[in-house]
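Structural characterization, general
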Amino acid sequence: MAVIFKKPEDRLDMIMGFLLRYLPFYGRAAMYLKWGVREDLPFPTAATDGKNVWFHPEFLAKMNDGQLLYTAIHEIHHVIKKHILLKGDRDHMLWNIACDHKINLELNKYVKEIGKTNYLEQPPSIVFDEKYNNNKWLEEDIYNDLLKNPPKFMQSVTGVFMDDPSMGPGEAAKAEEGIMARPRTAAPLPPPQPPRRR
């Protein structure tokens, strides 16, 4: 029997539960983020500002659970790798594309290795180029390469993973003030426990 969700947010809750139970590294990281659905994203996909992760409702509805899980982990990677902070004064859209290449190539390896056991599925229309598929390419190197050879889809990026390319340096401050973001609800992690004696 298939589960029918009344609200799109319910699917996000289901994904968070799956991450906490089966992929706790990502689940724990996800607890620090506020997850939600927004119709006013500049691109109808998913976005993060480092504190929030948003999904466009149509994008959320089109994905199966494996693709949604992949996308959630993709957004968590942006936060873990501090892509928003490392951007500096680089072009936001091009920096995001460079980071997407790196993340998606790493996740594609993960899908091939253990994805079938964890129900991960690569979504259609994601950005990745096999030429960057080795450890010598960092996000900064990919960005510099993309500056020299801009991708063909730069003029039309709808349907490609784009993490809110409209956000400039001042947008993070607006998000802090609550203009763009809702307050975080995740509880702080408990302090580490000393090892138990046997």
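Please refer to the structure higher up on the page.
Computed from a prediction, not measured in an experiment: that's the story for all the values here.

**So, the nonpolar core**
Note on soluble globular proteins: their nonpolar side chains tend to be buried together. Grouped together as the largest cluster of nonpolar side chains are 29 residues, with contacts concentrated most on Leu-19, Trp-35, Phe-55 and Ile-73. Of all the elements in the fold, those that place two or more residues in this core are α1 (8-22), α2 (24-30), β1 (34-37), β3 (52-55), α3 (57-62), α4 (65-80) and α6 (92-118). Residue contributions to this core peak at six residues, all from α4.

**Concerning the side chain of Thr-48**
For Thr-48, the position within the fold is in strand β2 (residues 46-48). Looking at Thr-48, its side chain comes within polar contact range of the main-chain oxygen of Asn-52, at 2.8 Å.

**Some words on the packing of aromatic side chains**
By convention here, two paired aromatic rings are described through the distance between centres and the angle between planes. Within this structure, the stated rule accounts for five aromatic pairs. On the basis of an interplanar angle of 80° and a centroid distance of 5.2 Å, the ring pair of Phe-25 and Tyr-26 is categorised as edge-to-face. Between Arg-38 and the ring centre of Trp-54, over which it is positioned, the NZ or CZ distance is 4.6 Å. It is Arg-90 that lies over the ring of Tyr-143; its NZ or CZ is 5.7 Å from the centre.

**Digging into the environment of Trp-137**
Its place among the elements puts Trp-137 in the loop between α6 and α7 (139-148). You can call Trp-137 buried: its relative accessible area is 17%. Not counting chain neighbours up to four residues away, the residues in contact with Trp-137 comprise Lys-102, Lys-131, Tyr-132, Ile-142 and Asp-145. Among the polar contacts listed, one links the side chain of Trp-137 to the backbone oxygen of Lys-131, at a separation of 3.2 Å.

Scoring rules and cut-offs
The numbers attached to residues start from 1 for each chain and follow its sequence in the written order. Local features are withheld for residues below a pLDDT of 70 in this predicted model, meaning they are given only at 70 or higher, and side-chain atom pairs are given and counted only at 80 or more; totals for whole chains, interfaces and linings count all residues. Note: side-chain values were computed over all heavy atoms of the structure, leaving out hydrogens and water. What is meant by a nonpolar core is a set of buried Ala, Val, Leu, Ile, Met, Phe, Trp, Tyr and Cys residues, joined one to another through side-chain atoms within 4.5 Å. Only protein chains enter the accessibility calculation, which uses a 1.4 Å probe; a residue is then buried when its area is under 20% of its type maximum, exposed when over 50%, and partly exposed in between. Comment: elements are numbered from the N terminus, with helices defined as DSSP H or I runs of at least four residues and strands as E runs of at least two. Polar contacts, as counted here, are pairs of nitrogen or oxygen atoms within 3.5 Å of one another; within protein the pair requires one atom able to donate a hydrogen and one able to accept it, and residues that are adjacent in sequence qualify only if both atoms are side-chain atoms. Whether two aromatic rings pair depends on their centres lying within 6.5 Å, for rings of Phe, Tyr and Trp, where Trp uses its six-membered ring; planes under 30 degrees apart make the pair stacked, over 60 edge-to-face, and the rest tilted. The criterion for a charge sitting over a ring is simple: Lys NZ or Arg CZ within 6 Å of the ring centre, and within 35 degrees of the ring normal. Every residue pair with non-hydrogen atoms within 4.5 Å of one another is taken to be in contact.

On their own, these measurements won't tell you what the molecule is for.
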